[in-house]
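Single-letter residue listing:
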Amino acid sequence: MTSKIEVVRPGIFTTVQDLGRPGLAAIGVGRSGAADRGSLRLANRLVGNPEGNAALEAVLGGLVLRFPAPATVAVTGAPCSITAGGRAAGPDSPVFLRAGEDLVLGTASRGLRCYVAVRGGIDVPPVLGARATDTLGKLGPPVLSAGTTLPVGRRVLDHPGVDLAPRAPLPDAPVLRITPGPRVPWFVPGALSTLASSGYVATSDADRVGVRLSGAALRRARDGELPPEAAVPGALQIPPSGQPILFLADHPVTGGYPVIAVVDEADLDLAAQVRPGQRVRFRLTQAPVRSWSAGVS
Amino acid sequence: MRVLPYGARAAMVDFDDPSEVLGLHASLERDPPDGVIELVPAARTLLVRFDPGRTHHDRLAGAILDRSTVDVAPREAAEIVVPVHYDGPDLADVAAAAGMSAEAVVRRHEDGTYVSSFCGFAPGFAYLTGLDPALRLPRRTSPRTRVPAGSVAIAGEYTAVYPNASPGGWRLIGRTTLPVWDVDREPPNLLAPGTRIRFSSAGLR
């Protein structure tokens, strides 16, 4: 009995995601994987999957999935209305579907990305060890379209003993903790403080690669081009406009703009739920902007 | 070399001499300091990602600065020869800009011995150093929306093979059928950092 999911309505942008392809940046492959990794892990735990099973990441929800066979699913991340076989269901909780029933996600009321895990995991063929779609590196399965059929795998653990995972609501104006990046000296003195003390607004130029922010410009102290250098998720790159770009899951492996600061890994999930138009603030959690050189101690 | 903080979980080693990047990369790869989880070379830098539960910036910086960046045996992998049809759409423009014939461009490109110094831009896209200074030209003013897989191209101090079809602004001088990138192959990338490469049109003209 091989189970599957039929995509009736794909939502505006839905991809298959797991925990991605860590450790391959040296050959030009980024980590990718779920933008909000905590929500993916939770969805998997709620259906008794290993945390790294592949699930669906749906921007703003708006998804209709049909299950020809009975299934256990969980929806996490951005809160949205959920019905399963016409019955109202809740987020962050296992949801049971009978054969032939539809899972319907409404439009997310806040946050940006919903996650749908199914017990057994989405079983598309792995590429370089992961099933995640890397939208920039063009790896993994295509973005979901209506009529697509997704195989369901059999990688499961015991059913969990919980029926609801309490989660703090997504904040109206998230505060993202940052630590200094490598190119602080490329900016005028005080630029890091400006970043940390001014609010920024997420623009509509936002996808899995990154989010362009709008707010106080961070001025350069020096001109010139930076040769390509490696980047990490959470890096805040500053192009000549002075308006930060926050790198998310599918960020380029190398980038050419100076990185002034890095959002803590622990706050990347929150960053991935920021909607266009929403305000964000940064809080500097580590002051020492220093470097280490040979022969100097 | 200088070690710069890169957020809470990484450090960036910055070099004045780009040839030191691969030396330190090889040294740290062979004998990684405690807590190091990933090394990512680039043009003038090496990113060192670490587990903050096992080390910290001060300790890692000390371990890195103790390393030599030159005393490293060359990579044992054999030189890779990339067969090229030199019929790229920008070959004539490159010849004109470099003030030489197309045949001379081809000869100079073939005469070079290149080293893969880092990957970026796309999976398997390797920046190869060693380009003849006479062929160092800026990118096209208007990038192409689609460059075919296998295109052999030059830009600035680098030459490269496009691993997959993608947009691109480099100048296309030829093409190869050698698959430099194949996700079903282990390793998927033929031109890993440190690999030596030559281009040859022998037998293809």
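Please read these numbers as outputs of a predicted model, since none were measured by experiment. (Residues numbered from 1 in each chain as written. Chains lettered and ligands numbered in written order. Predicted model: local features only at pLDDT ≥ 70, side-chain atom pairs only at ≥ 80, totals over all residues. Heavy atoms only, no water.)

So, about the overall build of chain B. Along the backbone of chain B there are four helices and 13 strands. Computed over its C-alpha atoms, the radius of gyration of chain B comes to 19 Å, within 12% of the 17 Å expected for a compact globule of 205 residues. By principal-axis analysis of the C-alpha atoms, chain B measures approximately 55 × 35 × 35 Å. The buried share of chain B, reckoned over its 205 residues, is 53%. For chain B, the centre of its 22 positive side-chain charges and the centre of its 25 negative side-chain charges are spaced 5 Å apart. (Helix = DSSP H or I, 4+ residues; strand = E, 2+ residues; numbered from the N terminus. Rg over C-alpha atoms; globule rule 2.2 N^0.38 Å. Buried < 20%, exposed > 50% of the residue type's maximum accessible area, 1.4 Å probe, protein only. Lys, Arg positive; Asp, Glu negative; His and termini not counted. Charge placed at Lys NZ, Arg CZ, Asp CG, Glu CD.)

Okay, the overall build of chain A next. Of regular secondary structure, chain A possesses three helices and 21 strands. Here the C-alpha atoms of chain A give a radius of gyration of 20 Å, agreeing with the 19 Å that 2.2 N^0.38 yields for 297 residues. Buried residues in chain A amount to 55% of all 297 residues. For chain A, the proportion of contacts with a sequence separation of at least 24, taken over those separated by at least 6, is 77%. (Contact = heavy atoms within 4.5 Å.)

Further remarks concern the sheet that holds strand 14 (residues 210-215) of chain A. All names here are of chain A. Strands sit in the order 12-19-16-17-14-13-20 around a closed barrel of seven strands; the barrel is mixed. Sheet twist, expressed as the average angle between the axes of neighbouring strands with direction ignored, equals 40 degrees. Note that strand 16 (residues 235-237) and strand 19 (residues 259-263) share three bridges and pair antiparallel. Residue pairing across strands places Leu 236 opposite Ala 261, the latter belonging to strand 19. (Pairing = 2+ DSSP bridges. Axes fitted to C-alpha atoms, helices over the stretch in contact; angles between N-to-C directions.)

All told, the structure shown has 28 salt bridges over all chains when counted by the stated rule. Arg 98 of chain A is the salt-bridge partner of Glu 101 of chain A, the closest N and O atoms lying 3.3 Å from each other. A salt bridge links Asp 90 of chain B to Arg 140 of chain B, with the shortest nitrogen-to-oxygen separation between them at 3.0 Å. Here Asp 90 of chain B, found in the loop between strand 5 (80-83) and helix 3 (91-98), pairs with Arg 140 of chain B, found in the loop between strand 7 (126-129) and strand 8 (144-147); they are 50 residues apart in sequence, far enough to count as distant. (Salt bridge = Lys/Arg side-chain N within 4 Å of Asp/Glu carboxyl O.)

What follows concerns helix 1 (residues 19-30) of chain B. The periodicity of an α-helix, 3.6 residues per turn, causes residues three or four positions apart to be oriented the same way. Residue and element names in this part refer to chain B. Over its twelve residues, helix 1 extends 18 Å from the first C-alpha to the last, a length consistent with the 16 Å expected when each residue adds 1.5 Å. Here helix 1 has its buried residues at Glu 20, Val 21, Gly 23, Leu 24, His 25, Ser 27 and Leu 28. Close packing links the buried residues of helix 1 with strand 2 (10-14), strand 3 (36-41), strand 4 (45-50) and helix 2 (57-65). (Expected span 1.5 Å × (residues − 1).)

In this section: the nonpolar core. Residues Val 82, Val 105, Ile 173, Ile 197 and Phe 199 of chain B are the most contacted members of the largest nonpolar core, which totals 32 residues. Looking at this core, the elements with two or more residues in it are strand 5, helix 3, helix 4 (102-111), strand 6 (114-119), strand 7, strand 9 (151-155) and strand 13 (196-200) of chain B. Among residues more than four places away in sequence, those in contact with Ile 173 of chain B are His 85, Tyr 86, Asp 87, Gly 88, Leu 91, Val 94, His 109, Val 152, Ala 153 and Ile 154 of chain B. Counting 29 residues, the second largest nonpolar core, distinct from the first, contains Leu 56, Val 116, Val 118 and Val 124 of chain A. (Core = buried A, V, L, I, M, F, W, Y, C linked by side-chain atoms within 4.5 Å.)

Further remarks concern the domain arrangement of chain A. All names here are of chain A. Split by domain assignment, chain A resolves into domain 1 (4-151) and domain 2 (175-293). Taken together, the 31 residues of domain 1 in the interface contact 18 residues of domain 2. Each partner contributes to the roughly 1,600 Å² buried at the junction of domain 1 and domain 2, and carbon and sulfur atoms together form 47% of this total. Contact with domain 2 buries area across many residues of domain 1, yet Arg 31, Arg 113 and Leu 136 alone supply 31% of it, more than any other trio. The partner of Glu 265 in a salt bridge is Arg 31, and the shortest N-O contact between them spans 3.0 Å. Every element with two or more residues in the side of domain 1 that touches domain 2 is listed here: strand 2 (14-17), helix 1 (37-46) and strand 10 (113-118). At three residues, the largest contribution of residues to the side of domain 1 that touches domain 2 is made by helix 1. A breakdown of the residues in the side of domain 1 that touches domain 2 according to their chemical character gives eleven nonpolar, 13 polar and seven charged. (Domains from an automatic or database assignment. Buried area = accessible area lost by both parts, 1.4 Å probe. Nonpolar A, V, L, I, M, F, W, Y, C, P; charged D, E, K, R; others polar.)

Moving on to the environment of Ala 89 of chain A. Note on placement: Ala 89 of chain A falls in strand 7 (residues 87-89). What Ala 89 of chain A contacts, discounting residues up to four positions off in sequence, is Ile 82, Thr 83 and Val 95 of chain A.

It is worth spelling out the pairing of strand 4 (residues 64-67) of chain A at this point. Regular strands place their side chains on alternate faces of the sheet. Residue and element names in this part refer to chain A. As judged from the three bridges shared by strand 1 (residues 3-9) and strand 4, these two strands associate in the antiparallel manner. Across the sheet, residue Val 7 finds its bridge partner in strand 4, namely Leu 65. Where strand 4 meets strand 9 (residues 101-105), four bridges bridge the pair, whose relative direction is antiparallel. Bridged to Val 64 within strand 9 is Val 104.

Let us look at the sheet that holds strand 10 (residues 158-161) of chain B. Strand pairing in a sheet takes place through backbone hydrogen bonds and is either antiparallel or parallel in direction. All names here are of chain B. One open sheet accounts for seven strands, arranged 5-13-6-7-10-9-12; its pairing is mixed. Both outer strands of the open sheet, strand 5 and strand 12 (171-175), are each paired with one neighbouring strand and no more. Going across the sheet, the axis of each strand differs from the next one's by a mean of 35 degrees, ignoring polarity. Of the pairings in the sheet, the one linking strand 5 to strand 13 comprises four bridges and is parallel in character. Bridge pairing in strand 13 links Pro 83 to Ser 200.

Before going further, it helps to spend a moment on the pairing of strand 13 (residues 200-206) of chain A. All names here are of chain A. With four bridges connecting them, strand 13 and strand 14 associate as antiparallel partners. Counted as the bridge partner of Ala 206 is Val 211 from strand 14. Counted along the chain from strand 13 to the antiparallel partner strand 14, the turn is three residues long. Of the pairings in the sheet, the one linking strand 13 to strand 20 (residues 279-284) comprises two bridges and is antiparallel in character. Within strand 20, the residue paired with Tyr 200 across the bridge is Val 280.

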